[in-house]
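Chain residues, written in single-letter form:
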Amino acid sequence: MTNDHLRRVPSSGAVEVGYPTGHFGHLTEHETQALAEFKTLLEEKGIYKQGPPPSHDDPTLLRYLRARKWVPQDAYVQFAETEKFRNANEIEVLYDTIDIDSYEASRKLYPRFTGRRDKRGIPIYVFQIRHLDSKAVADYERSTETTYSKAKTDGKTQPKLLRLFALYENLTRFVQPLSSECVDRENPETPITLSTNIVDISHVSLRMFWNLKAHMQAASQLATAHYPETLDRIFIIGAPYFFSTVWGWIKRWFDPVTVSKIFILSDHDVLPVLTTFMDLEDIPKNYGGKLQWSFFDEPAYDDEIKRIVTWENGFTNFPPGPCYWQPTEDGTQLACIAVGSKDGQERRVRVCTIPKAFASGSNTSSIKTSVVDGEREDATDTGGEDATTVATTVDSAADAVAGLVIADAKGSTEKLSEKIADAADAATETKAQ
């Protein structure tokens, strides 16, 4: 920002009070019981199998319980709605057969993985807004009408949203499992099911904000409804001078839970805040860090990722297009399978392997359970209920927490992390009430 104030919204997921609380390996007695009841309920309804292997792993199920405040019945409703939606739109087939060029085009209009992770091991995404003028968005939406894939649809879901589904599939089936097998982090036995986002809104006009309303709403609603609890926090940087004036109506584009995870940072607080959560080497140079990475670049994978990867079939990097991880036959590794289509020809090639760091805690949510050389089987990724329903069931208190907090940031930023933690505590307490 160009003014002297830090504008921030409390985050219910701050380091001190969020992850890994409520995640695999860090459950209270109450949460453990809720998980057991949830599994029983899903099995009774015929949408979950205990296995082995289970149709859905614990980290996946826990996302729904966290989203629905550990109420198994509520979590079941969201889980069942997304299973129905995924089946109706053949999301598995979509991801396996989507045209690679179309998939890559979609990546330019949504957050991109930098190849780096924060201090907790959570993957870092960057979303740059300035290039999304009305022409770019309109051209993209027209192009989605002819996207090739073998998936049948329900006839109601917009093609542009189906492409967006493919990107969320990449988060849950490629990026998060890869991050989970990296052991250079605290709690390495706990699978990663979250993402950290930097949203760069510099050089964005008021007209652009308004024109992007539908585009940004769709992404937020999709995540809330069908990919719950995959977002940890959002850092908004580069806000123009008028942003504080329009934030009151912009925040209404999103559900209260998403809004409660947002921090809006002034220019001189960007680096102090980001370095609280990320190492300097993992922050792009554009934002004061040391990472040579720009928005349209491919991921600049960190040293730990490079260390654990063993390349195969002539690959020296991950190829363009959709990929996912699949257990090898002996169960000791995960193999990266590149899929998608080129000129109508399906691709299915093994790219590399990584070792499974913890056999019982590996993030196999959304990873196919068939062996690498086997036939394609039904996938096990999950989602949630209709976004409108989700938004309306959030406690009214959450909307109050989502209100913009304006704090004087003219002085020292040394206690900024403490302020963020205090805000997070307040948000969490309000949400609980």
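Preceding block: the structure.
Keep in mind it's a predicted model, so treat the numbers as computed, not measured.

What counts and how
- Just so you know, the residues in each chain are numbered from 1, in the order the chain's sequence is written.
- It should be noted that, the model being predicted, local features are given only for residues of pLDDT at least 70 and side-chain atom pairs only at 80 or more, the latter also being counted only at that level, while totals for whole chains, interfaces and linings use all residues.
- Note: side-chain values were computed over all heavy atoms of the structure, leaving out hydrogens and water.
- Numbering of helices and strands runs from the N terminus; a helix is a DSSP stretch of H or I covering at least four residues, while a strand is a stretch of E covering at least two.
- Think of it in three bands: residues with accessible area under 20% of the maximum for their type are buried, residues over 50% are exposed, and the middle band is partly exposed, with areas taken using a 1.4 Å probe on protein chains only.
- The criterion used for residue contact is that any of the two residues' heavy atoms lie within 4.5 Å.
- Only the protein chains shown count as cover for residues, and the accessible areas themselves come from Shrake-Rupley with a 1.4 Å probe.
- If DSSP finds at least two bridges between two strands, the strands pair.
- Any pair of nitrogen or oxygen atoms within 3.5 Å is treated as a polar contact; in protein, a donor-acceptor pairing is required on top of that, and neighbouring residues in sequence qualify only through side-chain atoms on both sides.
- Between 30 and 60 degrees the pair is tilted, below 30 it is stacked and above 60 it is edge-to-face, where a pair is any two Phe, Tyr or Trp rings, Trp via its six-membered ring, whose centres lie within 6.5 Å.
- Interaxial angles span 0 to 180 degrees and are taken between N-to-C directions of axes, which are lines fitted to C-alpha atoms, for helices over the stretch in contact.

Draft legend 1. Fine view of the overall build of the protein. In terms of helices and strands, the protein carries 16 helices and 13 strands. Counting over 433 residues, the protein shows a buried share of 56%. Taking the contacts inside the protein whose residues are at least 6 apart along the sequence as the reference set, 78% of them involve residues at least 24 apart. Carbon together with sulfur atoms contributes 50% to the accessible area of the protein, which is approximately 18200 Å² in total.

Draft legend 2. The pairing of strand E3 (residues 123-128), seen in detail. In terms of residue burial, E3 counts as a mostly covered element, since six of its six residues are buried. The alternating pattern of E3 places Pro123, Tyr125 and Phe127 on one face and Ile124, Val126 and Gln128 on the opposite face, and all of these are buried. Relative to E3, strand E2 (residues 112-117) runs antiparallel, the two being bridged by three bridges. Across the sheet, Phe113 pairs through a bridge with Tyr125, a residue of E3. Between the antiparallel neighbours E2 and E3 lie five residues, among them Gly121 with a positive phi of about 95°. The pairing of E3 with strand E4 (residues 196-200) spans five bridges and is classified as parallel. By the bridge assignment for E4, Gln128 is matched with Asp200.

Draft legend 3. Layout of the pairing of strand E8 (residues 323-327). E8 sits mainly inside the fold: five of its five residues count as buried. Judged by which residues are buried, E8 turns out to be covered on both faces: Cys323, Trp325 and Pro327 on one side and Tyr324 and Gln326 on the other are all buried. As paired strands, E8 and strand E9 (residues 333-338) are joined by five bridges and run antiparallel to one another. Looking across to E9, one finds that Tyr324 is bridged to Ile337. Adjacent in sequence and paired antiparallel, E8 and E9 are bridged by five residues, among which Gly331 carries a positive phi angle near 75°.

Draft legend 4. A look at the environment of Trp293. Within the fold, Trp293 resides in the loop between helix H12 (270-277) and helix H13 (303-308). Spatially, the C-alpha atom of Trp293 lies 9.5 Å from that of Asp282, the residues being eleven residues apart in sequence. What Trp293 contacts, discounting residues up to four positions off in sequence, is Arg112, Phe113, Thr114, Val126, Pro284, Asn286, Glu298, Pro299 and Ala300. Here the side chain of Trp293 touches Glu298 through a polar contact of 3.1 Å, landing on its backbone oxygen.

Draft legend 5. How the structure looks around the packing of aromatic side chains. Under the definition given, this model contains 24 aromatic pairs. Here the aromatic rings of Tyr64 and Phe79 are separated by 5.2 Å at their centres, their planes lie at 75°, and the arrangement is edge-to-face. One end of the pair, Tyr64, is in helix H2 (residues 58-67); the other, Phe79, is in helix H3 (residues 72-89), and 15 residues separate them in sequence. Exposure remark for Tyr64: the relative accessible area of 0% places this residue in the buried category. Ring plane angle 35° and centroid distance 5.5 Å describe the contact between Phe113 and Tyr125, whose orientation is recorded as tilted. Pair noted here: Phe113 is in strand E2 and Tyr125 is in strand E3, with a separation of twelve residues, a long-range link.

Draft legend 6. Seen up close, the sheet that holds strand E12 (residues 349-355). A sheet is described by the order of its strands in space; here four strands give the open sequence E7-E12-E9-E8, paired in antiparallel fashion. Two strands close off the open sheet at either side, each with one partner strand: strand E7 (310-311) and E8. One ladder, built from six bridges, connects E9 with E12; its direction is antiparallel. Counted as the bridge partner of Ile337 is Arg350 from E12. Against the sheet, helix H7 (residues 159-180) touches E8, E9 and E12, its axis set at about 60° to E8.

Just distances and angles here, no functional claims.
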